[in-house]
Amino acid sequence: MKEYRNNSGVRRQKITTMLVRLLAYLLAASCALAQTGTLSAGKQAKIEGAISKFMVNSKAPGISAAVVQDGEFVWAAGFGMADLENSVPSTSQTLYRLGSISKPLTATAAMALWEHGKLDLDSPVQKYCPAFPQKPWPITTRELLGHLGGIRYYNVPELPYSASQTDPEVGNTHHFENGIEGGLKFFANDPLVGQPGTHFNYSTQGYTLAGCAIEGASGEKYADYVRESVLVPAGMLQTRPDDRFAVIPLRTRYYSKDSSGAVVNAEFLDSSHKVPGGGWLSSAPDMARFEVAILKDRLIRNATREIMWTQQMPSDGLGRMAYGLGWQFGVIDGVRDVGHGGSQQGTSAMILIAPDMRAGAVVLINSDTGGAAELAMRILRIVLGLPEREHKEITVDPKLYDDYIGTYQVGDFSMTVSREDGRLLAQVRDQQIPLLPESPRDYVFKGTDVEIIFQTDGNGRAKELILRESGTDSYLNRIK
């Protein structure tokens, strides 16, 4: 009888502890939901005008967007249609695939574990994920979060999805009840693309391995720990894994375009094999709450956040994204920004934060041809009160161009810069685009806001270039 009472007491203590934690989470969530400010009528009108213009030009079926200002979630709205066939409008609460915006959620959860001393970012990943086989070199969770782990990406070019759909990972149709285990099987036995720490190689697969490390370090299922450490404290009560079998209220349909430009249903995807790097669903308000929680240090300490927002540098000196631990970096008119984009069958998504200004923007689109990054940057510019960019072409001595001509590369993306009739041209895939000089080293793609900044050596010869597009930077190494 004594043993029974003791066991019962242990059970009651566990239940009490769980209830206290749950109440604390719900209180934090309710506070997050309540802390909203207001957006001025003038800024709201400009944002709605920018979205309307974007929808006309892009033919995006549906968009939901949200804004953070002065560290508060201040506005969200939906535009267009979440379901064209059934005439269901998009609202602020519509749920979209996040694609790679899943990566900041995973990275934040990993950093929370690190803060609590449960995850050593620099230990071999097999300490927490013994299912992953040993490789010629050790791989750490820090390297995985910064895409320096040597894990491959897809075996085929991901875009367009209509062409890559036959790849068993890009167009996965199998549903995995244990997504971490199922996802690892796709790549665990493949060779590394390089020695960890030496080479930047963007990899959603690497985030599956990081998700396995989170499970081992936390003793919980990956999604459960993310929910406990990130979603509930931030008030993100709509965010959940993209389960194609579940009945999920307010989930959008997914669209693409055919070769004629007509809107069509997107290619099929079951993302259960890659939830940590590309398998969450969310709404624009929830992602704005995530931005607020990050800015206010509700999820991790300020010092931890700054580690996450510090660029990781490969030792090979080759091309790379400006990337920290789960976050991309860039500059908008001299204002530092952090964020992440996402592209997937039937979605284009972007979150952007200007940390020093305590402002942010979220754009979720139910089309994989959407261009959410471009629209998010326009919205953030409005929130920050930045004027529309005016590109002022100057005259440059054409002799400078001899030092810029060549081929530049990051990952599997390359750009060739050539000269014709006294003007620089950029060859991107099958397009040749004039580069307009705004200074001897700064150029812009004609008709766009995409910038190129040539980085030169002591002799004036370009050794790399910065491709600055929609608030994110990539460094392309000169290979020819």
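This report concerns the structure included in the present document. (Residues numbered from 1 in each chain as written. Predicted model: local features only at pLDDT ≥ 70, side-chain atom pairs only at ≥ 80, totals over all residues. Heavy atoms only, no water.)

## A few points about the overall build of the protein
Counting its secondary structure elements, the protein contains 12 helices and 21 strands. C-alpha atoms of the protein, sized along the principal axes, occupy 95 × 55 × 45 Å. Counting over 480 residues, the protein shows a buried share of 55%. Long-range contacts, defined as pairs at least 24 residues apart, comprise 63% of the intrachain contacts of the protein with a sequence gap of at least 6. For the protein, the accessible surface area stands at approximately 20,700 Å², while carbon and sulfur atoms represent 52% of it. Within the protein, one finds 49 positive and 53 negative side-chain charges whose respective centroids are separated by 5 Å. (Helix = DSSP H or I, 4+ residues; strand = E, 2+ residues; numbered from the N terminus. Buried < 20%, exposed > 50% of the residue type's maximum accessible area, 1.4 Å probe, protein only. Contact = heavy atoms within 4.5 Å. Areas by Shrake-Rupley, 256 points an atom, 1.4 Å probe, with all protein chains shown as cover. Lys, Arg positive; Asp, Glu negative; His and termini not counted. Charge placed at Lys NZ, Arg CZ, Asp CG, Glu CD.)

## Comments concerning the pattern of salt bridges
The full count for this structure, using the stated rule, is 23 salt bridges. Here Glu 438 ties to Arg 389 by a salt bridge, and the two come within 3.0 Å at their closest N and O atoms. Of this pair, Glu 438 sits in the loop between strand 17 (431-437) and strand 18 (442-445) while Arg 389 sits in the loop between helix 12 (372-384) and strand 14 (406-410), and the two are 49 residues apart along the sequence. Judged by its relative accessible area of 24%, Arg 389 falls in the partly exposed class. The salt bridge involving Arg 468 is made with Asp 473; its shortest N-O contact spans 2.9 Å. In this pair, the class of Arg 468 matches that of Asp 473, namely buried. Connected through shared salt-bridge partners, Asp 333, Arg 381, Arg 389, Glu 438 and Glu 451 make up one network. (Salt bridge = Lys/Arg side-chain N within 4 Å of Asp/Glu carboxyl O.)

## Quick look at the state of the cysteines
Disulfide: a covalent bond formed between the sulfur atoms of two cysteine residues. Enumeration according to the criterion identifies one disulfide in this entry. A sulfur-sulfur distance of 2.1 Å marks the disulfide that ties Cys 129 to Cys 212. Where Cys 129 bonds to Cys 212 through sulfur, the torsion about that S-S bond is close to 90°, and the disulfide is right-handed. Taken together, the residues span a long stretch of sequence, with Cys 129 in the loop between helix 3 (102-115) and helix 4 (141-145) and Cys 212 in helix 7 (residues 204-218) at a distance of 83 residues. (Disulfide = S-S within 2.5 Å.)

## Describing the packing of helix 6 (residues 179-187) against helix 7
Interaxial distance between helix 6 and helix 7 falls to 9 Å at its minimum, and their mutual angle equals 140°. Here helix 6 is positioned oblique relative to helix 7, judged by the angle of their axes. Here helix 6 runs over helix 7; the crossing is left-handed. Note on element contacts: helix 7 touches helix 6 through Gln 205, Thr 208, Leu 209, Gly 211, Cys 212 and Glu 215, opposite Ile 180, Gly 183, Leu 184 and Phe 187. Looking at the contact of helix 6 with helix 7, its residues break down into five nonpolar, four polar and one charged. (Axes fitted to C-alpha atoms, helices over the stretch in contact; angles between N-to-C directions. Parallel < 35°, antiparallel > 145°, perpendicular 65-115°, else oblique. Left-handed = near helix turned anticlockwise from the far one by under 90°. Nonpolar A, V, L, I, M, F, W, Y, C, P; charged D, E, K, R; others polar.)

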